[in-house]
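# Summary of the model geometry
Here's the letter readout for the chains.
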Amino acid sequence: AKKPPPNSILTPNFKFEDMGIGGLDQEFGAIFRRAFASRVFPPGLVEKLGIQHVKGILLYGPPGTGKTLMARQIGKMLNAREPKIVNGPEILNKFVGQSEENIRKLFADAEKEYKEKGDESDLHIIIFDELDAICKQRGSTQGGTGVGDSVVNQLLSKMDGVDQLNNILLIGMTNRLDMIDEALLRPGRLEVHMEISLPDEKGRLQILNIHTAKMRSNGVMDDDVDLVELAALTKNFSGAEINGLVKGATSFAFNRHVKVGTMAGISDDVENMRVNRNDFMNALE
Ligand code: ATP
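A brief report on the enclosed structure follows. Note that the structure is a prediction, hence the values are computed from the model and not measured.

## Focus on the pattern of salt bridges
Counted under the stated rule, the structure contains 12 salt bridges. With its nearest N and O atoms 3.6 Å apart, the salt bridge here joins lysine 112 to glutamate 116. One end of the pair is lysine 112 and the other is glutamate 116, both in helix α5 (residues 99-117) and four residues apart, which spans about a single turn. As far as the burial class goes, lysine 112 and glutamate 116 line up, both exposed. Aspartate 160 is paired through a salt bridge with arginine 189; the nearest N and O atoms lie 2.8 Å apart. Of this pair, aspartate 160 sits in helix α7 (residues 147-161) while arginine 189 is found in the loop between β4 (168-174) and β5 (192-195), placing the two residues 29 residues apart along the sequence. A single network of salt bridges, built from pairs that share partners, joins Arg81, Glu113, Lys117 and Asp122.

Written out as structure tokens, the structure reads:
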């Protein structure tokens, strides 16, 4: 383990709010303690404790709740290389016949660097989205191509190999925890599991704040917009849907400044455009 390098976002002034993730502070804190604390503690201490770094975590929950966002921010916090992002269907479909080879390639850079630099190597993060897709066919008796089977086996063997490497963190993501092969979830593999669920009202308010931060600080959101009210009205919205709502409201505001009968003509007073409560209500509908 290394100390967080100078350009990690994990400075003494670090605040969760600055990460742009709404409503997931508890989850983030828990993942940090369970999976990453050892990577940012002084190496001497980690040695004294005799612990091993966590090599893999699984984020599960409904779509659009911020799993990818969280994985990326974790990477920045640990000052990792730009994460490699792959998804299950892509591994299975796009590369039929060479799926195992693709899994091997995923780990190759990190393995090479670890051979050369040992613990001085950068951290490599591999984000595996829709992990359930490669698990579906494993053990299935009907219609499976068997590709999933061998891909899962390849992934398992790579993950066990990761034991000898300190520079890889695999982040698996899925909407279907029940589909994930149990073998992938054992200690030493994707061992920390965290549910990322739909935001509650407080979380939705945070997400609304995040996605309107720019327009608010630039004075283009009307004072009649009440984010507390919107948080109450968006029950069961995911973070992605709240982001969509803000974009939708902006479109309605634009619309008021489009001149009818012209091609993409805009009105002269467009500089005074404000996104107002009505725009949000229209977008909600
Ligand atoms: P999927 O399962 O579909 O891959 P996901 O959980 O990975 O979804 P993201 O890709 O992280 O979801 O979210 C999509 C977008 O929605 C983000 O880029 C962000 O703009 C917004 N978003 C989602 N959740 C949050 C959140 N908790 N806070 C702020 N923005 C969010």
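## Things to note about the environment of aspartate 149
Tracing the backbone shows aspartate 149 in helix α7. When the C-alpha positions of aspartate 149 and cysteine 135 are compared, they lie 7.1 Å apart, and in sequence the two are 14 residues distant.

## Observations concerning the site of the ligand
The environment of the ligand is made up of 18 residues, and the closest members are Gly22, Gly64, Lys67, Thr68 and His211. Between glycine 66 and the ligand, the recorded distance is 3.1 Å, taken from a backbone N or O atom to an oxygen atom. At 3.1 Å from an oxygen atom of the ligand is found a side-chain nitrogen or oxygen belonging to asparagine 243. For the ligand, whose unbound accessible area comes to 630 Å², protein coverage reaches 78%. Judged by the fraction of its atoms near the pocket grid, the ligand is located in the largest pocket. Elements with a minimum of two residues in the shell around the ligand: α3 (67-77), α8 (201-211) and α11 (239-255). Split by residue class, the shell around the ligand holds six nonpolar, 10 polar and two charged.

Scoring rules and cut-offs
- Residues numbered from 1 in each chain as written.
- Predicted model: local features only at pLDDT ≥ 70, side-chain atom pairs only at ≥ 80, totals over all residues.
- Heavy atoms only, no water.
- Salt bridge = Lys/Arg side-chain N within 4 Å of Asp/Glu carboxyl O.
- Helix = DSSP H or I, 4+ residues; strand = E, 2+ residues; numbered from the N terminus.
- Buried < 20%, exposed > 50% of the residue type's maximum accessible area, 1.4 Å probe, protein only.
- Near = heavy atom within 4 Å.
- Polar contact = N/O pair within 3.5 Å; in protein donor to acceptor, adjacent residues only side chain to side chain.
- Areas by Shrake-Rupley, 256 points an atom, 1.4 Å probe, with all protein chains shown as cover.
- 1 Å grid on protein atoms, 1.4 Å probe; cavity = no way out; pocket = protein on both sides within 12 Å on 5 of 7 lines; lining within 4 Å.
- Sits in = over half its atoms within 2 Å of the grid points.
- Nonpolar A, V, L, I, M, F, W, Y, C, P; charged D, E, K, R; others polar.

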